[in-house]
Each structure stands twice: as C-alpha cells, then as structure tokens.
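Okay, here's what each chain looks like letter by letter:
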Amino acid sequence: MSDIITLSTRSEIRPANSDITFEDHMDHIKARWGVNRSSHRVEPGLYALGSPAPDSQVLVTANYTLSFDKLRSSLKGIDCYILVLDTRGINVWCAAGKGTFGTGELVHRIKTTGLYDVVNHRILILPQLGATGVAAHEVKQQSGFKVEYGPVRAEDLPEYLKTHKADPEMREVHFTLPDRFVLIPVDFVKVLLPMILAAFLLLLVGESLMAAGIVSAVLAGAVLFPILLPWLPTTDFSSKGFILGGLVALIFAAFSFFGQASGWLRAGWVLIYMLVLPPITAYLALNFTGSTTFTSVTGVRREIFTYVPVMGYMFGSGVLLLIILTLITIFGGL
Amino acid sequence: MFNSYESNTLEYDPELCINCGMCSIVCPHGVFSPNEKVARLVDPGSCMECGACQLNCPTGAISVDSGVGCAYAMILAALKGTEEVSCGGDDSSCCK
C-alpha cells in the first residue's frame, strides 16, 4: 500500500539513451545559429539512462538540449539517472551565473521527482561549472544530498566516474579554437541585419567602398576576432579589436586614397575609414567577453569605461564626416 | 596599459579556512590549491569573479564581487537603468 502511495506522488521517470539522432543534430545546428533561441528545451525532471538500479549514480544538468545531449552522449554504456533542472533552456554555466541552475531549483527538483525513493544513496554529481549557482553545503542541509562536483567537460565523466576524483586538467576550463568557433554564428546572426541595412543605405548613396568597409569591419569583429583571440596583441578585448579593426580600416583607407582625385577629399576619406571602422570591430570584440569563461566583471567594467567613450567619439565623428563628404560629393561642391 | 584584468575583487581569509577543499574543486582557473592546513591562494590574477568559491565556502572565508563578465549584458543593463546584470534573459538572452 505504501509503495503505491510513494509511486503515485513520484513524478514519472523518462527513458533516455546516449544516441544523438539526425533530429538532435538539426536541433543543435539551430541552437548554434540562434533559431528559436529559447525553444531548445528538455522537459525538466528525472531520466533513466540505460537501465539504472537504486545504487546507480545521479548526474545533474540543465534543460538546454545541447547540455542534456552532451551529457547523455558522453555516458555511453553507463546506466545512471539524469536529473534535469529547469534552467529555461539555458546552459549550465550561464544558468548558474543567473541562479536558475541553483540551490533552490536543485532542492525543489530533488523533492518533486521523488528521488529519495528512486535511489538508495544520497549523492549527486553536478557539472563543475554549475558551482557558480549551487552551494553544496546548503543542498546537503536542505535535502540531505551530498553534492559532488564532477569535471568541467562531460567527456571526462567516464574517467571521473571510475575514481570520483578529477585531476587538475579536468577542473580547468579551456577556450580552444573549436570552442570559440562554435560561438561565432550566434553572435553573427545578431549583427547581420544592422550590417545589411547599413551597407544597403551606403550603396543607395553610391558609397560602395564604404559599404564593403562596414561589412568587413563587422566580419572582422564577429567572425575573425573569436578565431584570432589568443594571437592578437594586448590583453583587453577592446584594444585587440581596435588593432584588428585598424588593420581592416588601413586597407580601405589605402584603396580610397588611391581612388580619389582631389588631395583634400583623399585626406577626408582616409580619416573617415580610420574613424568609422575600428570602433565597429572593437565594440563587437568587447561584446565577445560574454562568450568567454575567463573575463572578470571588474575587468569588463573597466574596459567599458575606458574604451566605449572612445568608440563612441570615433564612430560619431567619423559618421558626421561621412555625411558631410557624401553630401559634398552628391551636390558636386568640389 | 591595455590590461583591465590585472586586479579583481577576490579576497581570502585563511584564518577562517577549515580546509574542506571546495574552493580548489570548484574553481575552473586553479586560483586556489589544496594544502596541508588551509587552502592556498596560488593564482589570484586568473580569477574571473564567477563566485563559485565564495558560494561553496561553508565558513565565508572567501569574498568576491561576483557577476557576469559580459560587456553586452552590462551595457544593456546600463542603458535600461537596471541594477541586475545577468545572462540568459527570457527573450533577448546574450548567452546560451
């Protein structure tokens, strides 16, 4: 009788496997490109991977499809439970920063899934990057479950599960070229529309070289910058961006310099390219701080105060000069 | 020059440390290292102020002004005039 009561108060345990299907791959591609951003969700709750027993491990993750799929595909051949927290379709790291992957939600999810009756132990394995939102000692106090922080990357889990010890390498975040590469599309789609609009407007007024310049500066900031990050000189993202944007601007300034008739106009256009393009790249570079796992709030705040005014003044005066010179060119003042 | 990340708000009081080892476990940048009696602050310069060590320190030996080191979110918050800076808003989230 008591069994029936426990079972009825316990929410269902959903089956899961380690296979990534074609549909999963399509979903991942859409997520990376920012298509229906908040819809890449897994139903929160308890999942059974393979055929777990009461003494099987319980691993905790976020309800973002990329997080859940990464976890289950890394656990091939391992029978265990996966406890999915409701992070509103956001990955572990970002959700932990926001607090949705947090102590409160974890304790709540332990209770609503009836985990106490499913397993005969009181240990949960959390991704290390979830620690920003979860206080292990408070979870223990509020639920009786001991939180164990596993490795940063899910692919190290099979190794970790053998000893429940993570070596320093497993505890360290990386930001490799592939890591940075997959982040490019989601930022790129955000700047795509403004970029096309600006280029279109410039083409309308006959400034095709400037249109190409704008497109190049945006591509440099959104695509080239994440790739080149570790190799660009200086530490600050803004200064790295100014260097990269400056190089792009130099190319266009040179083109413009040799393409203009009047010496007066030449100087003006060189100035416009050098003023307008670098801040675009630098601004996008600065925004990439949010995609990394190593920039501190203090540092980013300092960067904003140091560089954003410079970006604003450069861009503003450059655009003003551009409008003046374009008007002069159109109305044939010179 | 051109390094805004030289200093941060991380503070550690070894007097309060009970050597539970949590800070060394949760830090993804090896800022703390386990030691015989108390945790050792070995690389404070690498701290990204995520706050995981502070949150998981049971004795409050660590303090850090933690938050999201994301310029986009910070500029957006400044423009909107809101105090809270965080990633993953419900509609226009900056990170996923």
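Model, not experiment: these values are computed from the prediction.

Turning to the overall build of chain A, a few remarks are in order. The helix and strand inventory of chain A stands at 15 helices and 6 strands. Computed over C-alpha atoms, the radius of gyration of chain A comes to 26 Å, more than 25% over the 20 Å expected from 2.2 N^0.38 for 334 residues, which places it beyond the range of a compact globule. Its C-alpha atoms give chain A principal-axis dimensions of roughly 95 × 35 × 30 Å. In chain A, which comprises 334 residues, the share counted as buried stands at 41%. Look at the contacts in chain A between residues 6 or more apart in sequence, and 71% of them connect residues 24 or more apart.

Let us now look at the overall build of chain B. When you go through chain B residue by residue, the secondary structure sums to 3 helices and 4 strands. Walking chain B from its N terminus toward its C terminus, one meets helices and strands in the order β-α-β-β-α-β-α. A total of 96 residues make up chain B; the buried ones form 48% of that total. Of the contacts formed within chain B by residues at least 6 apart in sequence, a portion of 36% connects residues at least 24 apart.

Moving on to the interface of chain B and chain A. With 39 residues of chain B at the interface, the matching set in chain A holds 47 residues. Secondary structure elements with two or more residues in the side of chain B that touches chain A: helix 1 (22-26), helix 2 (52-56) and helix 3 (71-80) of chain B. For the side of chain B that touches chain A, the element with the highest residue contribution is helix 3 of chain B, accounting for 5 residues. Per-class residue counts for the side of chain B that touches chain A are 22 nonpolar, 13 polar and 4 charged.

Further remarks concern helix 7 (residues 136-143) of chain A. Residue and element names in this part refer to chain A. For helix 7, the complete set of buried residues consists of A136, V139 and S143. One face of helix 7 carries all of its buried residues, which in axial projection span an arc of 60°. One or two positions beyond helix 7, positive phi appears at G144, with a value near 85°.

With that settled, the discussion passes to the nonpolar core. Core analysis: the biggest nonpolar cluster contains 70 residues, and A:V58, A:V60, A:I82, A:L83, A:V134, B:C23 and B:V26 have the highest contact counts within it. Among the elements that make up this core, the one with the highest residue count is strand 4 (residues 80-85) of chain A (6 residues). The residues contacting B:V26, other than those within four sequence positions of it, are A:Q128, A:A131, A:Y149, B:A52, B:C53 and B:N56.

Looking now at the domain arrangement of chain A. By a widespread convention, an interface's size corresponds to the accessible area lost as its parts come together. Residues and elements named next belong to chain A. Splitting chain A by domain gives domain 1 (2-173) and domain 2 (179-330). Contacts between domain 1 and domain 2 engage 5 residues on the former and 5 residues on the latter. Its residues assigned to classes, the side of domain 1 that touches domain 2 comprises 3 nonpolar, 1 polar and 1 charged.

Time to look at the environment of A:W269. Within the secondary structure layout, A:W269 lies in helix 14 (residues 263-287). Between the alpha carbons of A:W269 and A:F252 there is a distance of 9.4 Å; along the sequence they are 17 residues apart.

The subject of this paragraph is the pairing of strand 5 (residues 123-126) of chain A. Residues and elements named next belong to chain A. Note that strand 5 and strand 6 (residues 146-149) share 4 bridges and pair parallel. Directly across from L124, in strand 6, lies its bridge partner V147. Running through helix 7, the crossover from strand 5 to the neighbouring parallel element strand 6 is right-handed.

Further remarks concern helix 3 (residues 65-74) of chain A. Note that an α-helix has 3.6 residues per turn; residues three or four places apart therefore point the same way. Residue and element names in this part refer to chain A. Of all 10 residues in helix 3, 7 are buried; the element is thus mostly enclosed. Buried within helix 3 we find L66, S67, F68, D69, K70, L71 and R72. The inward-facing, buried residues of helix 3 abut strand 1 (13-16), helix 2 (22-32), strand 2 (45-49), strand 3 (58-62), strand 4 and helix 4 (92-98).

Residue and element names in this part refer to chain B. Across chain B, the average pLDDT comes to 85, with 85% of residues at or above 70. Highest mean pLDDT in chain B belongs to helix 2 (97); lowest belongs to helix 3 (81). Considering only residues more than four positions removed or in separate chains, one finds that residues 88-96, a stretch of pLDDT under 50, has 28 contacts. What the predictor reports for the complex is a pTM of 0.87 with an ipTM of 0.86.

For the rest of this paragraph, the subject is the pairing of strand 1 of chain A. All names here are of chain A. Strand direction decides the pairing type here: strand 1 and strand 2, joined by 4 bridges, are parallel. When the sheet's bridge partners are listed, I13 is paired in strand 2 with L46. In the classification by handedness, the crossover that spans strand 1, the intervening helix 2 and the parallel strand 2 is right-handed.

Our focus in this paragraph is unusual backbone geometry. With the exception of glycine, the majority of residues adopt a negative phi angle, and the majority of peptide bonds are in the trans configuration. You will see that A:R88, though not glycine, has its phi angle at about 60°, which is positive. Residue A:R88 is classed as partly exposed on the basis of its C-beta count, with 19 C-beta atoms lying within 10 Å.

Turning our eyes to something else, we now look at the confidence of the model for chain A. Confidence in the prediction of chain A, expressed as mean pLDDT, is 92, and 96% of residues score 70 or more. For residues 1-8 of chain A, every residue scores under 50 in pLDDT, and the model assigns this stretch 2 contacts once sequence neighbours within four places are set aside.

Definitions and cut-offs
Residues numbered from 1 in each chain as written. Chains lettered and ligands numbered in written order. Predicted model: local features only at pLDDT ≥ 70, side-chain atom pairs only at ≥ 80, totals over all residues. Helix = DSSP H or I, 4+ residues; strand = E, 2+ residues; numbered from the N terminus. Rg over C-alpha atoms; globule rule 2.2 N^0.38 Å. Buried ≥ 20, exposed ≤ 12 C-beta atoms within 10 Å, placed from the backbone. Contact = placed C-beta atoms within 7 Å. Nonpolar A, V, L, I, M, F, W, Y, C, P; charged D, E, K, R; others polar. Arc of directions from axis to C-beta. Core = buried A, V, L, I, M, F, W, Y, C linked by C-beta atoms within 7 Å. Domains from an automatic or database assignment. Pairing = 2+ DSSP bridges. Right-handed = clockwise from strand over helix to strand, strands pointing away. pLDDT = per-residue confidence, 0-100.

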